[in-house]
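Listed below, chain by chain, are the residues.
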Amino acid sequence: MVKLVPMAIIECIPNVSEGRRPEVVEQMASAIRSTAGIRLLDYSSDASHNRSVLTFVGDREAVKRATMALFDAAVPAIDLRTQRGEHPRLGAVDVVPLVPIEGVTMDECVSLAKELGASVAERFGIPVYLYEEASTNPLRKNLEDIRRGEFEGLTAKMQAPDWAPDFGPREPHVSAGASVIGARMPLIAYNINLNTGRLDVAKKIAAAIRQSSGGLRYVKAAGFMIEDRNIAQVSMNLTNYQKTPIFRVFEVVKREAERYGVSILESEVVGLIPSAALTSAAEFYLQLERFGPDQILENKLK
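Residues numbered from 1 in each chain as written. Predicted model: local features only at pLDDT ≥ 70, side-chain atom pairs only at ≥ 80, totals over all residues. Heavy atoms only, no water.

### Concerning the sheet that holds strand E8 (residues 188-194)
Alright, step 1. Across the sheet, four strands lie side by side as E9-E10-E8-E11; this open sheet has antiparallel pairing. The open sheet has two edge strands with one neighbour each: strand E9 (219-226) and strand E11 (264-270). If you compare each strand with its neighbour and ignore which way they point, the axes differ by 20° on average.
Alright, step 2. Bridge analysis of E9 against strand E10 (residues 231-238) gives eight bridges, and the strand direction is antiparallel. Looking at the pairing, Ile-226 lines up with Ile-231 of E10.
Alright, step 3. Most of the contacts of helix H7 (residues 246-259) go to E8, to which it runs at about 25°, and overall it touches E8, E9, E10 and E11. (Pairing = 2+ DSSP bridges. Helix = DSSP H or I, 4+ residues; strand = E, 2+ residues; numbered from the N terminus. Axes fitted to C-alpha atoms, helices over the stretch in contact; angles between N-to-C directions. Contact = heavy atoms within 4.5 Å.)

Set out below in structure tokens:
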């Protein structure tokens, strides 16, 4: 009997600092889509954040080719000297996370992150920082620590002994800044919009729920304003939806908002989300008993 070897699948979710010019975003998506061996699963833009998130999958070599093609499209098109948006950013291609999905280990994703970092630095002259599992420096494991100071503070930051990049020059690219590349487990990018224009409320809620401030484990959060709608937003990354489920985050934000006389207007998922996360939310809100994935029609049809 021939033993089938499972296909090695890596998910890549680059975040780029452009969300207001659809034609530029489409050029980047097209560069990824046209790479052999790659499936572009999703891409979406946020004009207020001036940011786009693209999601694609493939094997190691295909992911590497697609990521380099993305840089080819993004670097000449995005100039951080004039780019502005609500979301903090360090680079034109701001962050490139690699996630092991099937038939591949975290160590292999770490190896690919390092290979990509070296290639990006060599081809484009962009300094690259490794983060999460790819980082060997505790100061540079968390993305928010690396990105603190943003593009505008990067020149001064890079002169400090602890902030020499892992790859590339010790000064930012004049228009593309620096990039952060790493390996991590899947996360959910989840935003809750509040029925208020008070940014201070969003920031207080974010401080109350994020792990770094003593809140919920596996939650990273910040408060932003969505200027074109005059509403405040609690923007989050949920790094382990099984241990801190999305419905629990929603309920805590709701209760914190009530303290300030504010309600939730809506919530949104940025990019893709595992179906198990939504199933657990349905179980919670519908108070389902003895409910399992095999009761979902689409699962039965697979």
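### Things to note about the environment of Ala-189
Alright, step 1. Tracing the chain through its elements places Ala-189 in strand E8.
Alright, step 2. Residue Ala-189 is classed as buried on the basis of its relative accessible area of 18%.
Alright, step 3. Note: C-alpha distance between Ala-189 and Leu-238 (49 residues apart in sequence) is 6.5 Å.
Alright, step 4. Those residues in contact with Ala-189 that sit more than four places away from it in its chain are Met-236, Asn-237, Glu-268, Val-269 and Val-270. (Buried < 20%, exposed > 50% of the residue type's maximum accessible area, 1.4 Å probe, protein only.)

### Thoughts on the packing of aromatic side chains
The way to describe two aromatic rings as a pair is by their centre distance and the angle between their planes.
Alright, step 1. By the definition in use, this model includes five aromatic pairs.
Alright, step 2. Residues Tyr-129 and Trp-163 carry aromatic rings whose centres are separated by 6.0 Å and whose planes lie at 70° to one another, so their mutual orientation is edge-to-face. Here the residue Tyr-129 occupies a position in strand E6 (residues 128-132), and Trp-163 occupies one in the loop between helix H5 (154-157) and strand E7 (179-183), the gap between them amounting to 34 residues. Accessibility classification places Tyr-129 together with Trp-163 in one group, the buried group.
Alright, step 3. Aromatic rings pair up to connect Phe-247, Phe-250, Phe-284 and Tyr-285 into one cluster.
Alright, step 4. Positioned above the aromatic ring of Trp-163, the side-chain terminus of Lys-157 is 4.1 Å from the ring centre. (Phe/Tyr/Trp six-rings, centres within 6.5 Å; stacked < 30°, edge-to-face > 60°. Lys NZ or Arg CZ within 6 Å of the ring centre and 35° of its normal.)

### Some details on the pairing of strand E3 (residues 39-46)
Alright, step 1. Pairing between E3 and strand E4 (residues 51-58): seven bridges, direction antiparallel. Looking at E4, one finds that Ser-44 is bridged to Val-53.

### Remarks on helix H1 (residues 22-33)
Alright, step 1. Helix length check: H1 (twelve residues) gives 16 Å between terminal C-alpha atoms against 16 Å at 1.5 Å per residue, within 8%.
Alright, step 2. Restricting attention to buried positions, one finds in H1 the residues Val-24, Val-25, Met-28, Ala-29, Ala-31 and Ile-32. Take H1 and look down its axis: the buried residues cluster within an arc of 155°, on one side only.
Alright, step 3. On its buried side, H1 packs onto strand E2 (15-16), E3, E4 and helix H2 (60-74). (Expected span 1.5 Å × (residues − 1). Arc of directions from axis to C-beta.)

### Some points on the side chain of Asn-191
Alright, step 1. Within the secondary structure, Asn-191 sits in strand E8.
Alright, step 2. Of the polar contacts made by the side chain of Asn-191, one reaches the side chain of Ser-235; its length is 2.9 Å.
Alright, step 3. When sequence neighbours within four positions are dropped, the list of residues in contact with Asn-191 reads Gln-233, Val-234, Ser-235, Met-236, Glu-266, Ser-267, Glu-268 and Val-270. (Polar contact = N/O pair within 3.5 Å; in protein donor to acceptor, adjacent residues only side chain to side chain.)

### Some thoughts on helix H6 (residues 199-209)
Alright, step 1. Those residues of H6 lying buried are Val-201, Ala-202, Ile-205, Ala-206 and Ile-209. Taken down its axis, H6 places every buried residue within 135° of arc, on the same side.
Alright, step 2. The inward-facing, buried residues of H6 abut E8, E9, E10 and H7.

### Here's the deal with the nonpolar core
Alright, step 1. Core analysis: the largest hydrophobic core is formed by 47 residues, its most contacted members being Met-28, Ile-32, Phe-56, Val-63, Phe-71, Leu-98 and Val-120.
Alright, step 2. For this core, the secondary structure elements donating two or more residues are strand E1 (9-12), H1, E4, H2, strand E5 (93-102), helix H3 (106-124), E6 and E7.
Alright, step 3. Among the elements that take part in this core, H2 stands out by supplying nine residues, more than any other.
Alright, step 4. Those residues in contact with Met-28 that lie beyond four places of it in its chain are Val-16, Glu-18, Leu-54, Leu-70, Ala-73, Ala-74 and Ile-78. (Core = buried A, V, L, I, M, F, W, Y, C linked by side-chain atoms within 4.5 Å.)

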